[in-house]
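In case you want the letters, here they are:
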Amino acid sequence: MKEFLESITSLEGVGLGLAWTITACLLIAGFVGCILPLVPGHLLLLMAALGHRLMLGAEGSGLSWWSLGFLALMAIVSQVLETMSGAAGAKRFGSTRWGVIGALLGGVLGMFFMPIGLLAGPLLGAIVCELAFAREQMAAALRSGVGSLVGTVAGMGIKLIFGLVMILWFFLDVFLIG
């Protein structure tokens, strides 16, 4: 049974150099994806760690399944925080619940109009919902929109920080912990 489990958790024939080359390419692409909105950064970072584990096996990779779980959790939390950041920014700037809903919906719809939509979606969503549903004045709607924009940019910063932590954790586990 142990031999069977070992055979399905490591890819025989993949050399150490090739495995590290693939891992490094995925880590670099993942880091770039934490900066550029068109590339799924955290997913690529997670795939780099998982691929590294699968190519080199449990002993050769130095990565534990717990670390992969931690990296998956980091990717999920980062995505949730990034998605919610525009709405949180709008709320922080005094938005009504309609402005928060608009920023959230605008952020989701903005994903379909990359890259401008990522910034314009929450901004316009908050403004439109404040004007149309909350019946706010233009100044209050603009303040809500600016708050959603500030929150969205903060969410992008959080995404970058999470990506750097994921890369750091990967190297710590491979070289020091595992």
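Above this text sits the structure in question.
Throughout this description, residue numbers start from 1 for each chain and increase along the sequence as written. Two thresholds apply to this predicted model, a pLDDT of at least 70 for residue-level local features and 80 or more for giving and counting side-chain atom pairs, whereas whole-chain, interface and lining totals are computed over all residues. Side-chain numbers here rest on the full set of heavy atoms in the structure, without hydrogens or water.

(A) Looking closely at the packing of aromatic side chains. Aromatic pairs are defined between Phe, Tyr and Trp rings, using the six-membered ring for Trp, whenever the two ring centres lie within 6.5 Å; interplanar angles under 30 degrees are classed as stacked, those over 60 as edge-to-face, and all others as tilted. Applying the stated criterion across every chain, the model contains 6 aromatic pairs. Where Trp 20 meets Phe 170, the ring centres are 6.3 Å apart and the plane angle is 70°; that geometry is what we call edge-to-face. Here the residue Trp 20 occupies a position in helix H2 (residues 16–35), and Phe 170 occupies one in helix H7 (residues 138–177), the gap between them amounting to 150 residues. Ring pairs connect the aromatic residues Trp 20, Phe 170, Phe 171 and Phe 175, which therefore count as one cluster. Comment: elements are numbered from the N terminus, with helices defined as DSSP H or I runs of at least four residues and strands as E runs of at least two.

(B) Representation of helix H5 (residues 97–110) within the structure. One fewer than the residue count of a helix, multiplied by 1.5 Å, yields its expected span. For H5, which comprises 14 residues, the first-to-last C-alpha distance of 19 Å matches the rise-based estimate of 20 Å (1.5 Å per residue) to within 8%. Of all the residues in H5, the buried ones are Gly 99, Gly 102, Ala 103, Gly 106, Gly 107 and Gly 110. Angularly, the buried residues of H5 cover 135° about the axis, an arc narrow enough to put them on a single face. Opposite its buried face, H5 presents the exposed residues Arg 97 and Leu 109, each directed more than 90 degrees away. Exposure classes here rest on a 1.4 Å probe applied to the protein chains alone. A residue is buried below 20% of its type maximum, exposed above 50%, and partly exposed in between. By definition, the arc is the one covered by directions from the helix axis to the C-beta atoms.

(C) Spotlight on the environment of Ser 61. Within the element layout of this structure, Ser 61 appears in helix H3 (residues 41–61). Note: C-alpha distance between Ser 61 and Ile 127 (66 residues apart in sequence) is 50 Å. Not counting residues within four places of it along the chain, the set of residues in contact with Ser 61 comprises His 52, Arg 53, Leu 56 and Val 174. The criterion used for residue contact is that any of the two residues' heavy atoms lie within 4.5 Å.

(D) Local environment of the pattern of salt bridges. For this document, the term salt bridge refers to a Lys or Arg side-chain nitrogen within 4 Å of an Asp or Glu carboxyl oxygen. Taken as a whole and judged by the stated rule, the model has 1 salt bridge. The partner of Glu 82 in a salt bridge is Lys 159, and the shortest N-O contact between them spans 3.9 Å. Separated by 77 residues along the polypeptide, Glu 82 in helix H4 (residues 65–92) and Lys 159 in helix H7 bring together distant segments of the chain. Take Lys 159: its relative accessible area is 8%, and that puts it in the buried class.

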